[in-house]
Amino acid sequence: MGIVVMSLGVLMRTQRADLGRRADALLDAAVALLVSGRSSRIRIEDVAARAGVGKGTVYLHWAGRDQLLLAVGAREAASMLDVVVDAVRAEPTEAAPHRYLRRHFLEAMRRPVLAVLFGASDRDAFARERERSELLRSKGIAAREYLGVLAEHRLLRAGIDLADVDYGIQAVAYGFFASEPLQPGRTLEYRADQLAGVVRRAYEPAEAPAAERYLAAAPEVVAAFTKLADAFRRTAYGPAADLEEGHPMADITGIHHIGLIVRDMDAALNAYRRLGFHVGPPAFPALPRTPGEPPEPVGAGNTHADFPRSFIELLALAPERNRLPADAVLVPLSVPDDQLDATRAVITRTVANLAARLDVAEGAHILVFATRDADATAARWEAEGIGHSGVRAAQRPLATAEGTVLADVRFLDVDETAGMVPEGRVGVAEDAPAELLDAQQGLVHPNGATGLAEVVICLEDSRFRSAVERYERYLDRSPSLEKRTAAFDLGASRVTLTTPAGLAERLPGEVPHAVPGLSACTVEVADLSLAEDHLRSEGVALRRSADGDLFIPGVEALGTSIMLRQSRR
């Protein structure tokens, strides 16, 4: 059976690689036509003919001409960023704004297809397509992360507003790209040097920073630019984006939510509200014992601390009706009478799993990753021999200006041992569309929390290696390894595997609530100093990590430590 599973995995990767090569051939054909004709007025049939395929083949990759043109430009942009990333890896001082922009300018100007794409004759249509993509959002996030890293390492002029730097650099660079007709005859190197000089004098320290600062900043700069390059590739390759050889794009995109199983919902609500999280009234499902009887609480109730793209769930086993929290909402489930016993049996099994984790310890026992496509994750897990629950559908209430919207969510769980892995419940969820998530309201927290940035899983030394291998298969990527930790980069977030000694080294004085277990998480906040002020005003005993970062110890946070990080978004 293992041989069959491995063969399926190899077959899927081979088929995906073929799609990636075909996409490249079509993009190459489009580039040749664009450059030879010096116009973006090309047709899908012209590209198909140049590539020697039928017109329908092009539509398998892109919906139309505008999307194809956008893909051509996105592939060039990803390639330019690869050059920048390689340069920063080889020489960290290349992360300086003036050196990065000089290199980027030269790369762009040496690619004639970009001049065609951004020509005045078709710029409006191209820009409209770009606005429908997520590229602008990805570019904005990357720019803020890049400038935030530079500011953190004192590589920008002191006291300068990062939003002003972002705008100024873009405006200056655009001017240099468009300046050639004003003074024709200037060499490309001359123009690049002038651009670099303007940026350096405007935004960088008068005295060149020590090389050590660039060395410290380089890994985060590389990470920001690599994420942006991947975003461009997703736009360029469409369905084949995760298939391009050397640049895999996994289906898993980040952390969807973590869940804390608690003994007393009232106490949990008070604890999290004291920590500055806005947590709404808990909802408990209800079913009658027998047809015709009044509904009573069943299963488990929950509530969320919601963020734009993630949330923290508090979950408690349903008590008797007279012991519900004062603000609890009872939600009767609509179940036909002939299915009542079966439904209660399913809920009983679920409760048994949750109760088993609660018997271990109160704290985080649920980790759900975000996926682009639940079906794709299910297929990949099957090919890798990972047992799972199958894709299931649910609805998630989202508060918007128009009222509460029930958004469709699709999810599946790893199902290796009675629906759990050693550290708890692990699964993935395909969330509501981005435009609906962006329309959410009521996400303001007194502590300024904006999202989950990391989950830390603590494992016995004897299980560490096998757990790393498991998560490599779950997430379809390799970790970075250092001392007692393995960190999986998920883009805007990460999951870190460590041992009790590794956790104690990072968070002095912390003892994991369960081993194996989800021992800590990192939450980004809009203003770290304001978050600290709020927590201290509530009498929360904050501590410092080995790196000097603030964290809320587990004893204050229902067993799972919360590290705080300044948001760069």
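All values derive from a computational prediction rather than experimental measurement.

Comments concerning the overall build of the protein
Of the regular secondary structure elements, the protein holds 18 helices and 18 strands. Each of the 569 residues in the protein was classed as buried or not, and the buried ones make up 48%. Restricting to contacts in the protein with at least 6 residues of sequence separation, those with at least 24 account for 72%. Here the protein has roughly 26600 Å² of accessible surface; of this, 53% comes from carbon and sulfur atoms.

Notes on the nonpolar core
In this structure, L34, W62, V72 and F225 are the most contacted members of the largest nonpolar core, which totals 63 residues. Per element, the largest residue contribution to this core is twelve residues, and it comes from helix α4 (residues 65-90).

Quick notes on the packing of helix α5 (residues 97-109) against helix α9 (residues 162-177)
Relative orientation of the contacting elements α5 and α9 amounts to 35°, with a least axis distance of 11 Å. Crossing hand, α5 versus α9: right-handed. Of the residues in α9, those touching α5 at P97, L101, F105, A108 and M109 are I169, F176 and F177. Residues of the contact of α5 with α9, tallied by class, amount to eight nonpolar, no polar and no charged.

A few points about helix α18 (residues 528-537)
All of the buried residues in α18 are A531, E532, H534 and L535. Angularly, the buried residues of α18 cover 165° about the axis, an arc narrow enough to put them on a single face. Those residues of α18 that are exposed and angled more than 90 degrees off the buried face are L530 and S537. Those residues of α18 that are buried lie in contact with α12 (265-274), β15 (517-525), β16 (543-544), β17 (550-552) and β18 (561-566).

Comments concerning the confidence of the model for the protein
Mean pLDDT over the protein: 85, with 89% of residues reaching 70 or higher. pLDDT under 50 marks residues 1-15. Its contacts with residues more than four places away, or in other chains, come to ten contacts. Counted against residues more than four places away or in other chains, residues 242-248, with its pLDDT under 50, gives 13 contacts.

Section: the packing of aromatic side chains
Evaluation of the coordinates by the stated rule reveals eight aromatic pairs. When the centroid spacing of 6.1 Å and the interplanar angle of 50° are considered together, the rings of W381 and Y474 count as tilted. Linking W381 in helix α14 (residues 374-383) with Y474 in helix α16 (residues 461-475), this pair joins segments that are 93 residues apart in sequence. Judged by relative accessible area, which is 1%, W381 ranks as buried. Owing to a relative accessible area of 1%, Y474 belongs among the buried residues under this scheme. Ring plane angle 70° and centroid distance 5.0 Å describe the contact between Y471 and Y474, whose orientation is recorded as edge-to-face. One end of the pair, Y471, and the other, Y474, are both in helix α16, three residues apart, so they sit about a helical turn from each other. Here Y471 falls in the buried class, since its relative accessible area comes to 0%.

Let's talk about the environment of A236
With respect to the helices, strands and loops of the structure, A236 is situated in helix α11 (residues 211-237). Separated by 169 residues in sequence, A236 and Q67 place their C-alpha atoms 8.6 Å apart. In this structure, A236 is in contact with L27, W62, A71, A74 and R75, ignoring residues within four places of it in sequence.

Remarks on the pairing of strand β8 (residues 392-400)
By the bridge criterion, nine bridges tie β8 to strand β9 (residues 403-413) in an arrangement that is antiparallel. From the neighbouring strand, A394 faces β9, where its bridge partner is V409. A loop of two residues connects β8 with β9, the two strands running antiparallel in sequence.

Points about the packing of α4 against α5
Helix-helix packing is characterised by the crossing angle of the two axes and by the distance between the axes. Look at α4 against α5: their axes get within 10 Å of each other, and the N-to-C directions meet at 145°. In terms of crossing hand, the pair formed by α4 and α5 is right-handed. In this structure, α4 uses M80, V83, V84 and A87 to contact α5, whose residues at the interface are Y100, R103, H104, E107 and A108. Of the residues contributing to the contact of α4 with α5, the split by class is six nonpolar, one polar and two charged.

As for α16
Its 15 residues place the ends of α16 21 Å apart at the C-alpha level, agreeing with the 21 Å of an ideal helix rising 1.5 Å per residue. Burial in α16 covers these residues: F464, A467, V468, R470, Y471, Y474 and L475. Phi for D476, located one or two positions after α16, is positive at around 60°.

Remarks on unusual backbone geometry
Only a minority of non-glycine residues have a phi that is not negative, and only a minority of peptide bonds are not trans. The step from V515 to P516 runs through a cis peptide bond, and the omega angle for that step is 0°. Backbone geometry at D476 places phi at a positive 60°, although glycine is not the residue there. With respect to the helices, strands and loops of the structure, D476 is situated in the loop between α16 and β12 (480-482). Note on D476: relative accessible area 37%, which makes it partly exposed.

Points about the environment of A316
Structurally, A316 is set in strand β5 (residues 311-317). Separated by 50 residues in the primary sequence, A316 and D266 have C-alpha atoms spaced 9.6 Å apart. If near-sequence neighbours (up to four positions away) are discounted, A316 is found in contact with V262, M265, F284, A300 and G301.

Some details on a nonpolar patch on the surface
A cluster of nonpolar side chains, contributed by V329, V331 and L333, occupies part of the molecular surface with about 200 Å² of accessible area. Examined against the element boundaries, L333 turns out to sit in the loop between β6 (329-332) and α13 (340-360). Judged by its relative accessible area of 35%, L333 is partly exposed.

Observations concerning the environment of L507
As for its placement among the helices and strands, L507 is situated in the loop between α17 (500-506) and β15. Sequence spacing of L507 and A520 is 13 residues, and the spatial spacing of their C-alpha atoms is 9.5 Å. Each residue touching L507, except ones within four places of it in the same chain, is listed here: A520, S545, F551, S561 and M563.

Remarks on the pairing of β15
Across the nine residues that make up β15, a large majority, nine, are buried. Where β15 and β18 come together, six bridges link them in parallel fashion. Considered in β18, the bridge of C521 is made with I562.

What to know about the side chain of T371
Within the secondary structure, T371 sits in strand β7 (residues 363-371). We classify T371 as buried; its relative accessible area is 6%. At 2.7 Å, the side chain of T371 and the side chain of T377 are in polar contact. In this view, T371 contacts D251, I252, T253, T377, V428, A429 and E430; residues no more than four positions away in its chain are not counted.

Rules and cut-offs
Every chain's residues receive numbers from 1 upward, in the order its sequence appears when written. Thresholds applied to this predicted model are a pLDDT of at least 70 for local features of residues and 80 or more for the giving and counting of side-chain atom pairs; totals over whole chains, interfaces and linings are not thresholded and use all residues. Working from all heavy atoms in the structure, the side-chain values ignore hydrogens and water. Numbered from the N terminus, helices here are DSSP runs of H or I no shorter than four residues, and strands are runs of E no shorter than two. Using a 1.4 Å probe on the protein chains alone, a residue whose accessible area is under 20% of its type maximum counts as buried, one over 50% counts as exposed, and one in between counts as partly exposed. Residue contacts are defined here by distance: any two heavy atoms, one from each residue, within 4.5 Å place the two residues in contact. To measure how exposed things are, a 1.4 Å probe is used in the Shrake-Rupley method; for residues, cover is taken only from the protein chains shown. Side-chain atoms within 4.5 Å link the members of a nonpolar core, which is a set of buried Ala, Val, Leu, Ile, Met, Phe, Trp, Tyr and Cys residues. For helices, the axis comes from a line fit to the C-alpha atoms of the stretch in contact; other axes are also lines fit to C-alpha atoms, and the angle between any two N-to-C directions lies between 0 and 180 degrees. In this scheme the handedness of a crossing depends on how the near helix is turned from the far one: anticlockwise by less than a right angle means left-handed, clockwise means right-handed. Three residue categories are used. Nonpolar comprises Ala, Val, Leu, Ile, Met, Phe, Trp, Tyr, Cys and Pro, charged comprises Asp, Glu, Lys and Arg, and polar comprises the others, including Gly. Picture the helix axis, draw a direction to every C-beta atom, and the arc is the one those directions span. Values of pLDDT, ranging from 0 to 100, describe the predictor's confidence in every residue of the model. The aromatic pairing rule takes the rings of Phe, Tyr and Trp, using the six-membered ring of Trp, and pairs them if the centres are within 6.5 Å, calling planes under 30 degrees apart stacked, those over 60 edge-to-face and the rest tilted. Between any two strands, at least two bridges found by DSSP are needed for them to pair. A helix is expected to span 1.5 Å for every residue after the first. A patch consists of residues whose relative accessible area exceeds 30% and which take part in no salt bridge; residues with like charges are grouped when within 9 Å of each other, and nonpolar side chains (Val, Leu, Ile, Met, Phe, Trp, Tyr) when within 5 Å. Take a side-chain nitrogen of Lys or Arg and a carboxyl oxygen of Asp or Glu: if they are within 4 Å of each other, that pair is a salt bridge. The term polar contact refers here to a pair of N or O atoms within 3.5 Å; inside protein, the definition further demands a hydrogen-donor-capable atom paired with an acceptor-capable atom, and it admits residues adjacent in sequence only when both atoms are side-chain atoms.

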